[in-house]
Every structure is written in C-alpha cells, then in structure tokens.
Amino acid sequence: MAIFNNQQTATKPAPSFAPEPTPAAPVKEVQANTDFAPAQPMVAPRASTSAAKESLIAADLTIEGKIEGSGHVRIAGRFKGDVNVQGDLTIEQGAKLNGGVRANRVNVAGELEGNIESASRVELVESGAINGDIKAETLTVAAGSRIRGRVECGTWSDSSKTSVKSSSRTDSEAA
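Below you will find a few notes about this structure. (Residues numbered from 1 in each chain as written. Predicted model: local features only at pLDDT ≥ 70, side-chain atom pairs only at ≥ 80, totals over all residues. Heavy atoms only, no water.)

### Quick word on the pattern of salt bridges
And then number 1: A complete count under the given rule lists eight salt bridges for this structure.
And then number 2: Glutamate 68 is paired through a salt bridge with lysine 66; the nearest N and O atoms lie 3.1 Å apart. With respect to class, glutamate 68 is no different from lysine 66; both count as exposed.
And then number 3: Salt-bridge contacts for glutamate 117 lead to arginine 102; the nearest nitrogen and oxygen are separated by 3.0 Å. Within this pair, whereas glutamate 117 is found in strand β12 (residues 116-124), its partner arginine 102 is found in strand β9 (residues 101-102), the two being separated by 15 residues in sequence.
And then number 4: Among the residues examined, glutamate 117 registers a relative accessible area of 39% and is labelled partly exposed. (Salt bridge = Lys/Arg side-chain N within 4 Å of Asp/Glu carboxyl O. Buried < 20%, exposed > 50% of the residue type's maximum accessible area, 1.4 Å probe, protein only. Helix = DSSP H or I, 4+ residues; strand = E, 2+ residues; numbered from the N terminus.)

Structure follows, in structure tokens:
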C-alpha cells in the first residue's frame, strides 16, 4: 500500500502544472483582439453604400483640378475642374464650380458654370444658378433660381430621340 500512496502523490503535481500555462495564453490573445476592435467599425461603412464618405471643399478654399471617386462631394468654396463621382454632389450657397459634372444626384444652392452630363436627380434651390446644359432623369427647380442652357429631362430611348428630331425638322420645314 505504500506504493499506491506514492502514485497518488505523483498524480497531484501533474494537475498543478496544467493550470499555470492555460490562463496566461488566453489573456494575451484577448488583449491582441482588443487592439484590432477599432478597425472593425471602419470596414462596415465601406460595405454599405448608403453610408458613403463625403469629401468637403471648405468655404475658404479655392482648388483647381479634377475630382473622381465613388463617395459624396460637398463644395462650399470654389472649384475649377470636372467632377465625376458615383455619389452625390452638393454645391452650397456662396460656392462656385466651373466645370463639367457627372454624379448620381446634384444639389445646387451656389453657382455652377458647366454642364451636368448625366444625373438621376438635379435640384436647384432658390439661391442656385446654373449656366450650362443639364441632362437628368429628374429636375427640380425652385422659384427664384436661375438657369441658362439646354435642359433634357426624363428617360429617353434612342428611337424616341430620332422621332422627336425628325418631327421637329418636319415642323420647321413646313413653316
């Protein structure tokens, strides 16, 4: 029986070795995951199209160049150049843009000197002015705003453009 008691004594130290390394390792892994936690919320807005980032040209800035991208752009200062974005363009009151525009939605409260080549929606508020051609599916014009240029609204197919042109030629030839 003395041998049996020795085995029990030998069994007790074995469990004492196992718990020591186990708690130390997971604590370090949890701290490492905590360091990466702030990066996860930044990834989520990129995946969501409704939460696109907005770039701002502040009121006291004048910039010349070209803007291209997939986010929204807000101009509060002055910008000379073309704007081609897959998001929204907002020209605030007191701001001025000299250049062509391609954007999903265009909101004009300031001045735009240039053409809007393709937009799903253009909104011209009371303080806004556009000097250029507009091609958009929808155009909203507030009282007091100003437009100088050619306007094409709605969705046009190639066959309807041809028939409109041919009928207008016939009318002008008859007159």
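There is more to say after this.
### Regarding the nonpolar core
And then number 1: Counting residues in each nonpolar core, the largest one holds 23 residues, and the members touching the most others are Leu89, Leu97, Val106 and Ile116.
And then number 2: With four residues, β12 is the largest single contributor of residues to this core.
And then number 3: Filtering out sequence-adjacent residues up to four positions away, isoleucine 116 remains in contact with Val101, Val106, Val122, Ile130, Asp133, Ile134 and Lys135. (Core = buried A, V, L, I, M, F, W, Y, C linked by side-chain atoms within 4.5 Å. Contact = heavy atoms within 4.5 Å.)

### Considering the sheet that holds strand β13 (residues 129-131)
And then number 1: With respect to topology, six strands assemble into an open sheet ordered β2-β5-β8-β11-β13-β15, the strand pairing being parallel. Taken across any chain shown, the strands that pair with only one partner, and hence form the sheet edges, are β2 (62-64) and β15 (146-148). Going from strand to strand, the sheet's axes swing by 5° on average, the running direction of each strand aside.
And then number 2: Note that strand β5 (residues 78-80) and strand β8 (residues 96-98) share three bridges and pair parallel. Note that in β8 the partner of arginine 78 across the bridge is lysine 96. (Pairing = 2+ DSSP bridges. Axes fitted to C-alpha atoms, helices over the stretch in contact; angles between N-to-C directions.)

### Concerning the pairing of strand β10 (residues 105-108)
On a regular strand, one side chain projects to one face of the sheet and the next to the other, so that they alternate.
And then number 1: Residues Val106 and Val108 of β10 are buried on one face, while the alternating residues Arg105 and Asn107, pointing to the opposite face, are not.
And then number 2: Where strand β7 (residues 88-91) and β10 come together, four bridges link them in parallel fashion. Bridging from a neighbouring strand, isoleucine 91 pairs with valine 108 of β10.
And then number 3: Pairing analysis gives four bridges linking β10 to β12, with the strands arranged parallel. Pairing of valine 108 across the sheet is with leucine 124, part of β12.

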